[in-house]
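# Residue-level structural notes
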Amino acid sequence: MLPSDGRFGSGPSKFRPAAAQALADRAVDYLGTSHRKAGVRRVVAQLKTGIADLLGAPDGYEVVMGNGGATAFWDAASFGLIERRSHHLSLGEFSSKFVAVTASAPHLDEPSVRVGDFGTCPPLEATDGVDAYCYPHNETSTGVMLEVRRPAGDDEALVLVDATSAAGGLRFDPSGCDVYYFAPQKALSSDGGLWIALMSPAAIERIERLSASGRWTPAFLDLKLAVDNSRKDQTYNTPALATVFLTVSQVDWLNGNGGLEWAAGRSDRSADILYGWAEASDIASPFVTDTAIRSRVVGTIDFDDRVSADDISAALRANGIVDTDGYRKLGRNQLRIGMFPAVEPSDIEALTTCIDHIIERLIT
Ligand SMILES: *Cc1c(COP(=O)(O)O)cnc(C)c1O
């Protein structure tokens, strides 16, 4: 009854054991060698071209990277991409954290914010006096996915999309935004510590202009330094070489099997299985009621009060099926399931069988 792999976390997420094995095979000629030398820089270059291929980078777009994950990128964006005032869609934990960054930045005006209830998504609308629109492609805390696009009626401002739990798992139009940024430990099933961003020419131009404007910026968060180093297949300071390698490994695996369309198709199959099961169940139901925004990569499932989701996830964990817990701050009787491309759709099927099995025993 058990799935072949018990990792269903929404981040860090399951990475393929073959990727870890490939890393072990490079233990003596890659790990522990200089990130300024050809051996590592070749892998960084592979990461850049692999990401550009996977995401279908339009002409002129560049892959830029740096250290610190998506959280560091929010701080970097507040210095290097947002000129005066940002507009945010805030619909859960991660999108609201970016709001907290721009709201507290002394060099920026108070951000404009459209807040949506958990499980829903506020509309993206052109807003006067803002120079950057910010929203997630997938809000990991609630399991809501958005369309990547520009607001109708504003072609001037930049569009910054947090794709940490989406990149490599959800289809999108890359020309619909200027910066598509992510950390690779969620949808890309690698490890943490890095941020990667696909940037449009307009985004690079903004970075160069703000850098030349003399705004004080901590060097670690300086996107101009990140662009300059990325062009040389390096990062400003030492990256986690293992994370870089694991990311390349996952990107190559996805590209080798058919790219984003193939990857998104796997997540689609998993999502159809999970939501189909929940809809047919008389005790479980999908939390996100609007199917158009119901995430294909992070599934949130509510349970009625005959059973405790915490008890279900504890029983799953006792059997080696881990990280199915709902997002704490949502405070719901809920499980949250990572359905990233690395996860086998047949394992999602096995997971639902296990949950039914546990429920039968919990409610009698
Ligand atoms: C996890 C997550 C982050 C934070 O990523 P870190 O690498 O831990 O900084 C940001 N945004 C989204 C949408 C996430 O899911």
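The paragraphs below set out a description of the structure included in this document. (Residues numbered from 1 in each chain as written. Predicted model: local features only at pLDDT ≥ 70, side-chain atom pairs only at ≥ 80, totals over all residues. Heavy atoms only, no water.)

## Thoughts on the sheet that holds strand β1 (residues 62-67)
Just so we agree on the cut-off: By this definition, two strands are paired if DSSP reports at least two bridges between them. For helices the rule is a DSSP run of H or I covering at least 4 residues; for strands it is a run of E covering at least 2, with both sets numbered from the N terminus onward. Angular values range over 0 to 180 degrees, each being the angle between N-to-C directions of two axes fitted as lines to C-alpha atoms, with helices fitted over their stretch in contact. Residue contacts are counted whenever heavy atoms from the two residues lie within 4.5 Å of one another.
Reading across from one edge, β1-β9-β8-β7-β4-β2-β3 is the order of the seven strands in this open sheet, with mixed pairing throughout. For this open sheet the edge positions go to β1 and β3 (112-115), each flanked by a neighbour on one side alone. If you compare each strand with its neighbour and ignore which way they point, the axes differ by 20° on average. For strand β2 (residues 86-90) and β3, the ladder comprises four bridges, and the chain directions are parallel. The residue of β3 that forms the bridge with L89 is R114. The sheet contacts of helix α3 (residues 69-80) involve β1, β7 (158-162), β8 (179-182) and β9 (194-199), and relative to β9 the element is tilted by about 55°. Each of β1 and β9 touches helix α6 (residues 223-231); the most contacted strand, β1, lies at about 115° to it.

## Quick word on the sheet that holds strand β12 (residues 334-338)
A sheet is described by the order of its strands in space; here three strands give the open sequence β10-β11-β12, paired in antiparallel fashion. A strand with exactly one partner marks an edge of an open sheet, and here the two such strands are β10 (284-286) and β12. Averaged over all pairs of adjacent strands, the angle between strand axes in this sheet comes to 30°, irrespective of strand direction. Across five bridges, the pairing between strand β11 (residues 298-303) and β12 is antiparallel. Paired with T300 across the bridge in β12 is R336. Across the sheet, helix α8 (residues 259-280) lies against β10, β11 and β12, angled at about 15° from β11, the strand it touches most. Set on the sheet, helix α10 (residues 345-362) makes contact with β11 and β12; between it and β12 the angle comes to about 160°.

## What to know about the layout of surface pockets
As a reminder of what qualifies: Cavity means a closed set of points on a 1 Å grid over the protein atoms alone, one where a 1.4 Å probe fits but cannot get out, pocket means an open set with protein on both sides within 12 Å along at least 5 of 7 lines, and lining means a residue has an atom within 4 Å of a point. Grid points are joined across faces, edges and corners, and a volume is the space filled by probe spheres set on the points. When residues are grouped by polarity, Ala, Val, Leu, Ile, Met, Phe, Trp, Tyr, Cys and Pro land in nonpolar, Asp, Glu, Lys and Arg in charged, and all others, Gly among them, in polar.
Considering only enclosed or pocket space, the largest pocket measures out at about 360 Å³ in volume. Residue lining of the largest pocket: 22 residues in total, with M145, L146, E147, V148 and A292 positioned closest to the centre. Of the voids in this model, the second largest pocket is the one considered here, and its volume is about 170 Å³. Every residue lining the second largest pocket is counted, 16 residues in all, and those nearest its centre are A70, T71, F94, T164 and K186. Counting only elements with at least two residues in the lining of the second largest pocket, the list comes to α3, α4 (93-104) and β5 (138-139). Looking at which element gives the most residues to the lining of the second largest pocket, the answer is α3, with four residues. In terms of residue class, the lining of the second largest pocket is built from five nonpolar, seven polar and four charged.

## With respect to the packing of aromatic side chains
Put simply, the rule is: By convention, a stacked pair of Phe, Tyr or Trp rings (six-membered ring in the case of Trp) has centres within 6.5 Å and planes under 30 degrees apart, an edge-to-face pair has planes over 60 apart, and any other such pair is tilted. Categorising residues by exposure relies on relative accessible area from a 1.4 Å probe, with only protein chains included: less than 20% of the type maximum marks a residue as buried, more than 50% marks it as exposed, and the intermediate range marks it as partly exposed.
Tallying each qualifying case throughout the model produces 10 aromatic pairs. An angle of 50° between the planes, with centres 5.5 Å apart, marks the rings of Y30 and F245 as tilted. One end of the pair, Y30, is in the loop between α1 (17-25) and α2 (38-55); the other, F245, is in helix α7 (residues 241-257), with 215 residues separating them in the sequence. The exposure class of Y30 is buried, given its relative accessible area of 0%. Considering the side-chain rings of W74 and F98, the 6.0 Å spacing of their centres and the 20° angle between planes classify their relative orientation as stacked. With W74 in helix α3 and F98 in helix α4, this pair connects stretches of sequence that are 24 residues apart. This pair shows no difference in class: W74 is buried, exactly as F98 is. By the ring-pair criterion, three or more aromatic residues cluster together here, those being F73, Y181 and W195.

## Some thoughts on the site of the ligand
Selection rule: Here, proximity means that at least one heavy atom of the residue falls within 4 Å of the molecule or strand. By the criterion applied in these results, polar contacts are pairs of N or O atoms within 3.5 Å in which, for protein atoms, one can donate a hydrogen and the other can accept it, and in which residues neighboring in sequence qualify only through two side-chain atoms. Accessibility throughout is a Shrake-Rupley quantity obtained with a 1.4 Å probe, and a residue counts as covered only by protein chains that appear here.
As a matter of local geometry, the ligand sits amid G69, A70, T71, W74, F94, N138, T140, D162, T164, A183, Q185 and K186. Within the side chain of T71, an N or O atom sits 2.5 Å from an oxygen atom of the ligand. In this structure, K186 approaches the ligand through a side-chain N or O atom, which is 2.7 Å from an oxygen atom. With the chains in place, 87% of the 380 Å² that the ligand exposes on its own is no longer accessible. For the shell around the ligand, the residue count by class is four nonpolar, six polar and two charged.

## Considerations on helix α9 (residues 309-318)
Defined as follows: Each C-beta atom gives one direction from the helix axis, and the arc is the one those directions make.
Buried within α9 are the following residues: A309, I312, S313 and L316. The arc enclosing the buried residues of α9, seen along the axis, measures out at 90°, which places them on a common side. On its buried face, α9 is in contact with β11, β12 and α10. Residue S308 occupies the N-cap position of α9, its side-chain oxygen lying 3.2 Å from the main-chain nitrogen of D310.

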